Amino acid sequence: PSFRLLFEQLDLPKADLTVKAVGKQWYWSYAYPDNGKFEFDSLMAHEKQPRMLAVDNELVVPVNKIVRVQVTGADVIHSFGVPAFGIKVDAIPGRLNETWFKATKTGVFYGQCSELCGRDHAFMPIAVRVVSEQDFAAWIETAKKKFASNPANAVASAADVMR
Ligand SMILES: [Cu+2]
């Protein structure tokens, strides 16, 4: 009976938006390929609550939308897991895995790296902030400017110019 469940878990519905999560030693980077292509790092915030789960820059997504999460690793294997959404996917260097979720309530949902990845394995949390569609649109506009100076974006836009 588990085969059916496994199959259905891997059967991706049509996504409303895609985000890419890249596991690094020891933080996550998030990219928004269909919302301005910006990218930013999400580091554990020592001064914030909840302890060991709060981050400086959260992964922000709209409520009631199907979010496709592409997951990969930049150095060693990590794993992207958010218990409230029932998702956990390995972040493997050289491989792009996929999963999805649809949050039905606004709020902040937390997860942690779930593959032992070195010294700070316990200190690379995942914080997902689910907001209304209007708040998401407003956040995208701010984030495009805020993260425009990110070197990863400079490389991406240079590549766009050359195309
Ligand atoms: Cu990790």
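Residues numbered from 1 in each chain as written. Predicted model: local features only at pLDDT ≥ 70, side-chain atom pairs only at ≥ 80, totals over all residues. Heavy atoms only, no water.

## Observations regarding the pairing of strand β4 (residues 59-62)
Along a regular strand, successive side chains alternate from one face of the sheet to the other.
Step number 1: Burial of the side chains of β4 extends over both faces: Leu 59 and Val 61 are buried on one face and Val 60 and Pro 62 on the other.
Step number 2: The pairing of β4 with strand β10 (residues 126-131) spans four bridges and is parallel. Its bridge partner being in β10, Pro 62 is matched across the sheet by Val 131. (Buried < 20%, exposed > 50% of the residue type's maximum accessible area, 1.4 Å probe, protein only. Helix = DSSP H or I, 4+ residues; strand = E, 2+ residues; numbered from the N terminus. Pairing = 2+ DSSP bridges.)

## Describing the sheet that holds strand β5 (residues 66-73)
Step number 1: The strand order across the open sheet built from five strands is β3-β2-β1-β5-β8, with neighbouring strands paired in mixed fashion. The open sheet has two edge strands with one neighbour each: β3 (39-42) and β8 (97-102). Averaged over all adjacent pairs, the angle separating strand axes in this sheet is 25°, with direction ignored.
Step number 2: With four bridges connecting them, strand β2 (residues 27-31) and β3 associate as antiparallel partners. (Axes fitted to C-alpha atoms, helices over the stretch in contact; angles between N-to-C directions.)

## Digging into the sheet that holds strand β9 (residues 107-113)
Step number 1: With mixed pairing, five strands are arranged side by side in an open sheet as β4-β10-β9-β6-β7. The open sheet has two free edges, formed respectively by β4 and β7 (87-91), since each of these has just one partner strand. With direction set aside, neighbouring strand axes in the sheet form an average angle of 25°.
Step number 2: The pairing of strand β6 (residues 78-82) with β9 spans two bridges and is classified as antiparallel. When the sheet's bridge partners are listed, Gly 81 is paired in β9 with Gln 112.
Step number 3: Of the strands in this sheet, β4 and β10 touch helix α2 (residues 133-146), which is tilted by about 140° from β4. (Contact = heavy atoms within 4.5 Å.)

## Describing the nonpolar core
Step number 1: The biggest cluster of nonpolar side chains holds 36 residues, and the ones touching the most others in it are Tyr 32 and Phe 80.
Step number 2: Apart from residues lying up to four places away in sequence, Phe 80 is in contact with Ala 21, Trp 28, Tyr 30, Leu 59, Val 69, Val 71, Ile 87, Lys 88, Val 89 and Ile 126. (Core = buried A, V, L, I, M, F, W, Y, C linked by side-chain atoms within 4.5 Å.)

## A look at the coordination of the copper ion
Step number 1: Protein-derived ligands of the copper ion are His 78 (ND1), Cys 113 (SG), Cys 117 (SG) and Met 124 (SD), with the metal-ligand distances lying across 2.0 to 2.6 Å.
Step number 2: Of note is the copper ion, whose four donor atoms meet at the metal with angles of 93 to 125° in an arrangement that counts as tetrahedral.
Step number 3: Sequence spacing of the donors to the copper ion: H-x34-C-x3-C-x6-M. Within this pair, whereas Cys 113 is found in strand β9, its partner Met 124 is found in the loop between β9 and β10, the two being separated by 11 residues in sequence. Judged on exposure class, the residue Cys 113 and its partner Met 124 are both buried. (Donors = N, O, S within 2.8 Å, 3.2 Å for Na, K, Ca; no water. Tetrahedral: all angles 85-135°; square planar, octahedral: opposite > 155°, others 65-115°.)

## Notes on the environment of Ala 143
Step number 1: By the element assignment, Ala 143 lies in helix α2.
Step number 2: Residue Ala 143 is classed as buried on the basis of its relative accessible area, which comes to 1%.
Step number 3: Sequence separation of Ala 143 and Phe 38 is 105 residues, and the distance between their C-alpha atoms is 7.7 Å.
Step number 4: Apart from the residues within four sequence positions on either side, Ala 143 is in contact with Phe 38 and Ala 148.

## Digging into unusual backbone geometry
Step number 1: Between Gln 25 and the following residue, Trp 26, the backbone shows a cis peptide bond with an omega angle of 0°.
Step number 2: Here Trp 26 is to be found in the loop between β1 (17-24) and β2.
Step number 3: Residue Gln 49 is joined to Pro 50 through a cis peptide bond whose omega torsion reads -10°.
Step number 4: With respect to the helices, strands and loops of the structure, Pro 50 is situated in the loop between β3 and β4.
Step number 5: Despite not being glycine, Lys 37 has its phi angle at roughly 60°, a positive value.

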